[in-house]
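# Descriptive structure summary
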Amino acid sequence: WAALTVWAVVNAVNVLQAVGFLSRVWTGSRTINHLLGYAIVALALPAALALIAFVRAGAGWLHSIGPAVYLAFVLFEVAVDYAWPVEFRSPPRSPILAPYLLLFFGSILLMGLPMFRMERSLWLVTVVTTLLLLGAMGLALRKGVG
């Protein structure tokens, strides 16, 4: 169940953030994206439960690293977007933006990776949702609202 939970989390994050980027294009604002961020933060709970299950089962680092990096991302996101909000996207503030993006995309890669060996069809769903996210992000960047 833990692997499927992580799979659900990574795909939910991809879809939520893709919708967030598209909302920036549609509205010219980050308001909806900011609200969707709460759902992304809430996904830390199932990710944490899966991480605990992996550790208790001795599943190894390949299964544990993705949810662990995701939890680190969520803590960082809460700090810079909600608890002590700081604008770091525009203009870009590399000391904040670089670790933010590294943790975000690193968690997506690391949460999706184990499914490649476990169930290729589920991994392909993650590939599709990741491409959706990247396409939405690219569109937002091109429209100047990334």
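A few points on the structure. In this numbering scheme, every chain counts its residues from 1 along its sequence in written order. Local features are withheld for residues below a pLDDT of 70 in this predicted model, meaning they are given only at 70 or higher, and side-chain atom pairs are given and counted only at 80 or more; totals for whole chains, interfaces and linings count all residues. Note that water and hydrogens are dropped before the side-chain values are worked out from all heavy atoms of the structure.

### Some points on the overall build of the protein
Formally: Numbering goes from the N terminus for both helices and strands, where a helix is a DSSP run of H or I of at least four residues and a strand is a run of E of at least two. Within these notes, the globule rule equals 2.2 Å times the number of residues to the 0.38 power, and the radius of gyration is based on C-alpha atoms. Exposure categories follow from relative accessible area, calculated using a 1.4 Å probe and restricted to protein chains: below 20% of the type maximum is buried, above 50% is exposed, and the middle band is partly exposed. The contact definition used throughout considers only heavy atoms, calling two residues in contact when any of these lie within 4.5 Å. For accessible areas, the Shrake-Rupley method is used with a probe of radius 1.4 Å. Any residue's cover is judged against the shown protein chains and nothing else. Under the counting rule used here, the positive set is Lys and Arg, the negative set is Asp and Glu, and His together with the chain ends is not counted. Charged groups are reduced to one reference atom each: NZ for lysine, CZ for arginine, CG for aspartic acid, CD for glutamic acid.
Secondary structure assignment for the protein yields six helices and zero strands. Seen in sequence order, the protein has helices and strands lined up from the N terminus as α-α-α-α-α-α. For 146 residues, the compact-globule formula gives about 15 Å, and the C-alpha radius of gyration of the protein, at 15 Å, lands near that figure. Projected onto its principal axes, the C-alpha positions of the protein cover 45 × 30 × 25 Å. Considering the protein as a whole, with its 146 residues, one finds that 41% of them fall into the buried category. A sequence separation of at least 24 residues applies to 70% of the contacts in the protein between residues at least 6 apart. Only carbon and sulfur atoms are counted for the fraction: they give 74% of the accessible area of the protein, which is about 7800 Å². Computed over 9 positive and 4 negative side-chain charges, the separation of the two mean positions in the protein equals 5 Å.

### A short note on helix α1 (residues 2-27)
Put simply, the test is: By this rule the span expected of a helix is its residue count minus one, scaled by 1.5 Å.
The terminal C-alpha atoms of α1, which comprises 26 residues, lie 37 Å apart, in line with the 38 Å expected from a rise of 1.5 Å per residue. Trailing α1 by a residue or two, Gly-28 shows a phi angle of about 75°, which is positive.

### Examining the packing of helix α4 (residues 61-83) against helix α5 (residues 94-118)
Counted only if it meets this: Angles shown run from 0 to 180 degrees and are taken between the N-to-C directions of axes, each axis being a line fitted to C-alpha atoms and, for helices, limited to the stretch in contact. Orientation is classified from the angle alone, with under 35 degrees giving roughly parallel, over 145 giving roughly antiparallel, 65 to 115 giving roughly perpendicular, and any other angle giving oblique. Each crossing is labelled by how the near helix is turned from the far one, with a counterclockwise turn of less than a right angle marking it left-handed and a clockwise turn marking it right-handed. Note on residue classes: Ala, Val, Leu, Ile, Met, Phe, Trp, Tyr, Cys and Pro are nonpolar, Asp, Glu, Lys and Arg are charged, and everything else, Gly too, is polar.
Direction vectors running N to C along α4 and α5 enclose 155°, while the axes themselves pass 8 Å from each other. Considering the angle they form, α4 stands roughly antiparallel to α5. α4 and α5 meet at a crossing whose hand is left-handed. Counted by class, the contact of α4 with α5 contains 19 nonpolar, four polar and two charged residues.

### Re a nonpolar patch on the surface
Put simply, the rule is: Any residue with relative accessible area above 30% and no salt bridge may belong to a patch, with like charges joined within 9 Å and the nonpolar Val, Leu, Ile, Met, Phe, Trp and Tyr side chains within 5 Å. The salt bridge criterion pairs a side-chain nitrogen of Lys or Arg with a carboxyl oxygen of Asp or Glu, the two atoms within 4 Å.
A surface patch of nonpolar side chains, about 480 Å² in accessible area, is lined by Trp-1, Leu-45, Leu-49 and Ile-52. One can find Leu-45 in helix α3 (residues 44-57). Given the relative accessible area of 57%, Leu-45 is considered exposed.

### Things to note about the pattern of salt bridges
Applying the stated criterion across every chain yields a total of two salt bridges. Linking Glu-87 and Arg-30 is a salt bridge whose minimum nitrogen-to-oxygen distance equals 3.6 Å. Placement of the pair is Glu-87 in the loop between α4 and α5 and Arg-30 in the loop between α1 and α2 (31-42), with a sequence separation of 57 residues. In this structure Glu-87 comes out as partly exposed when scored by relative accessible area, which is 37%. Taking relative accessible area as the criterion, Arg-30 reaches 28% and is therefore assigned partly exposed. Linking Arg-89 and Asp-81 is a salt bridge whose minimum nitrogen-to-oxygen distance equals 2.9 Å. On the basis of relative accessibility, which here comes to 10%, the residue Asp-81 falls in the buried class.

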